[in-house]
Amino acid sequence: MKIKWFLIFILFFRIGIAQEKTFVSEDIQINSNIAGTLLFPEKMEKPPLAIIIPGSGPIDRNGNQANLNNNSYKYLAKGLYNKNIASFRYDKRLVKQIAKGTFNENDILFEDFIEDAKAVREHFNNDNRFSKIIIIGHSQGSLVGMIVAQEGVDKFISIAGAGREIDDVIVYQLEKQAPELKDNARQSFDDLRVNGVALNYSSELSSIFRPSLQSFMYSWMQYNPQTEIAKLEIPVLIINGDTDIQVQVSEAESLKTAQPNSQFKIIKNMNHVFKEIKGDLSENQNSYNDTGIPVMPKLIKTVSSFILN
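Residues numbered from 1 in each chain as written. Predicted model: local features only at pLDDT ≥ 70, side-chain atom pairs only at ≥ 80, totals over all residues. Heavy atoms only, no water.

Observations concerning the overall build of the protein chain
Point 1. Scanning the protein chain from N- to C-terminus turns up 13 helices and 9 strands.
Point 2. Its C-alpha radius of gyration of 19 Å places the protein chain within 12% of the 19 Å reference for a compact globule of 309 residues.
Point 3. For the C-alpha atoms alone, the extent of the protein chain along its principal axes is close to 60 × 40 × 40 Å.
Point 4. Summing over all exposed atoms, the protein chain offers an accessible surface of approximately 13300 Å²; the carbon and sulfur share of this is 46%.
Point 5. Both charge centroids of the protein chain, one from 34 positive and one from 36 negative side chains, sit 7 Å from each other. (Helix = DSSP H or I, 4+ residues; strand = E, 2+ residues; numbered from the N terminus. Rg over C-alpha atoms; globule rule 2.2 N^0.38 Å. Areas by Shrake-Rupley, 256 points an atom, 1.4 Å probe, with all protein chains shown as cover. Lys, Arg positive; Asp, Glu negative; His and termini not counted. Charge placed at Lys NZ, Arg CZ, Asp CG, Glu CD.)

Some details on helix 2 (residues 72-81)
Point 1. Within helix 2, 8 of the 10 residues are buried, which leaves the element mostly enclosed by the surrounding structure.
Point 2. Buried within helix 2 we find Ser72, Tyr73, Leu76, Ala77, Lys78, Gly79, Leu80 and Tyr81.
Point 3. Buried residues in helix 2 make contact with strand 2 (22-29), strand 3 (35-39), strand 4 (49-53), strand 5 (86-90), strand 6 (133-138) and helix 13 (297-308). (Buried < 20%, exposed > 50% of the residue type's maximum accessible area, 1.4 Å probe, protein only. Contact = heavy atoms within 4.5 Å.)

Quick look at the pattern of salt bridges
Point 1. Here the structure, examined in full by the defined rule, presents 18 salt bridges.
Point 2. The closest approach of N and O atoms between Glu26 and Arg129, which form a salt bridge, is 3.1 Å. Highlighted residues: Glu26 in strand 2 and Arg129 in the loop between helix 4 (110-125) and strand 6, separated in sequence by 103 residues.
Point 3. Its relative accessible area of 21% is what places Glu26 among the partly exposed residues.
Point 4. On the basis of relative accessible area, Arg129 is assigned to the partly exposed category, the value being 21%.
Point 5. One salt bridge in this structure joins Glu251 and Arg164, with 2.5 Å as the shortest N-O distance. Of this pair, Glu251 sits in helix 11 (residues 249-258) while Arg164 sits in the loop between strand 7 (155-159) and helix 6 (166-177), placing them 87 residues apart in sequence.
Point 6. In this structure, a network of salt bridges that share partners links the residues Glu165, Asp167, Asp168, Arg186, Asp190 and Arg193. (Salt bridge = Lys/Arg side-chain N within 4 Å of Asp/Glu carboxyl O.)

Comments concerning the confidence of the model for the protein chain
Point 1. Scored by pLDDT, the protein chain has a mean of 93; 93% of the residues are at 70 or more.
Point 2. This model gives residues 1-19 a pLDDT under 50, and the stretch forms 77 contacts once residues within four places in sequence are excluded. (pLDDT = per-residue confidence, 0-100.)

Considerations on the nonpolar core
The nonpolar side chains of a soluble globular protein tend to be buried, and buried together.
Point 1. Grouped together as the largest cluster of nonpolar side chains are 58 residues, with contacts concentrated most on Ile51, Phe88, Phe110, Phe124, Met217 and Ile229.
Point 2. When residues in this core are grouped by element, the largest group, 6 residues, is from helix 4.
Point 3. For Phe124, the residues in contact, after removing those within four places along its chain, are Ile28, Ile30, Leu38, Leu49, Ile51, Phe88, Phe130 and Ile133. (Core = buried A, V, L, I, M, F, W, Y, C linked by side-chain atoms within 4.5 Å.)

Observations concerning the packing of helix 2 against helix 13
Point 1. Running from amino to carboxyl end, helix 2 crosses helix 13 at an angle of 55°, the nearest separation of the two axes being 10 Å. As the angle between them shows, helix 2 and helix 13 are arranged oblique. Helix-helix and strand crossings are classified by hand; for helix 2 and helix 13 the assignment is right-handed. Together, Tyr75, Leu76, Gly79 and Leu80 of helix 2 and Leu299, Ile300, Val303 and Ser304 of helix 13 make up the contact between the two elements.
Point 2. Among the residues forming the contact of helix 2 with helix 13, the class breakdown is 6 nonpolar, 2 polar and no charged. (Axes fitted to C-alpha atoms, helices over the stretch in contact; angles between N-to-C directions. Parallel < 35°, antiparallel > 145°, perpendicular 65-115°, else oblique. Left-handed = near helix turned anticlockwise from the far one by under 90°. Nonpolar A, V, L, I, M, F, W, Y, C, P; charged D, E, K, R; others polar.)

Here's the deal with the pairing of strand 9 (residues 263-267)
Point 1. Pairing of strand 8 (residues 236-241) with strand 9 involves 5 bridges; the strand directions are parallel. Looking at the pairing, Gly241 lines up with Ile267 of strand 9.
Point 2. The parallel pair strand 8 and strand 9, bridged by helix 11, forms a crossover whose chirality is right-handed. (Pairing = 2+ DSSP bridges. Right-handed = clockwise from strand over helix to strand, strands pointing away.)

Observations concerning the packing of aromatic side chains
Point 1. Counted under the stated rule, the structure contains 13 aromatic pairs.
Point 2. Relative to Phe216, the ring of Phe110 lies with its centre 6.4 Å away and its plane at 50°, an arrangement referred to as tilted. With Phe110 in helix 4 and Phe216 in helix 9 (residues 211-220), this pair connects stretches of sequence that are 106 residues apart. Residue Phe110 shares its accessibility class with Phe216, and that shared class is buried.
Point 3. Feature note: the residues Phe40, Phe88, Tyr90, Phe124 and Phe130 constitute an aromatic cluster, connected by ring pairs.
Point 4. Note that Arg164 overlies the ring of Tyr172, its terminal NZ or CZ placed 4.9 Å from the centroid. (Phe/Tyr/Trp six-rings, centres within 6.5 Å; stacked < 30°, edge-to-face > 60°. Lys NZ or Arg CZ within 6 Å of the ring centre and 35° of its normal.)

Some points on helix 11
Point 1. Here helix 11 has its buried residues at Glu251, Ala252, Ser254, Leu255 and Ala258. With its buried residues spanning 155° around the axis, helix 11 presents them on a single face.
Point 2. Of the surrounding secondary structure, the elements contacted by the buried residues of helix 11 are helix 5 (140-148), strand 7, helix 6, helix 10 (225-230), strand 8 and strand 9. (Arc of directions from axis to C-beta.)

Details of the pairing of strand 5
Point 1. Within strand 5, 5 of the 5 residues are buried, leaving the element largely enclosed by the surrounding structure.
Point 2. A two-sided burial pattern is seen for strand 5, the buried positions comprising Ala86, Phe88 and Tyr90 on one face and Ser87 and Arg89 on the other.
Point 3. Sheet analysis places strand 3 next to strand 5, joined by 4 bridges and oriented antiparallel. For Gly36, the partnering residue across the bridge sits in strand 5 and is Tyr90.
Point 4. Each parallel crossover has a hand, and the one from strand 4 via helix 2 to strand 5 is right-handed.

Printed below as a string of structure tokens:
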């Protein structure tokens, strides 16, 4: 069973020289939890700034985690730089905690990621170098981003964001990939939502319902993406790839229904980490750990056009 591959969310002025060109970058410490990299195109006096909010797990500012290195956020940031759009991408707090040996899964709540993204937003709201601020939320970061974008932000972009509460998304995925576990998962989520604890879950679902993770899952379940995106009164762009094996196009469609004034784009052959996939499942999976594949130019074009227009 390959559940680990398919479940949507698995918990857990300096000059930088790139191979193809020189990028003006600045490493910024937002607070004790959050640090990241600002790319600042020099051709514009006050460029727009895109804040990239990462997806699930201990993902660093480049879009990587242990044994899954694809540089998706790094390539996205460089693509935006080439369009004269500044960007800030940051390490999730889990990255620093794991590196320091202070990570305790029992202590993590979904609200921690909201708090971190708000701190980033506030930092750049006080930085007058930028003409406007755009939030780009990827995967789990889409939900975080739409909450943070409800104030102090000019535009919001969701890339591969879920359109339903996380328990409904996971149960749906299990129905497709491991149907024998679906009913047990549904009951366990219901127990968690009502009682704050799930006890009678299958051992095959321990990656979701292990005791140390239940507080986090419970806190995540309190937020409905359709409710949160409907609150936005700023321009919204919803993007999904049609070869995404973690987030189905139907999730993006649910977000579009909840926010009917949004722009909507399904990118052909784009997977969850923004790579072009024309082959089979193996090719898709392998791209998660291949830094040699660039992100799709169509993604850069779609995002930059929305930001600049």
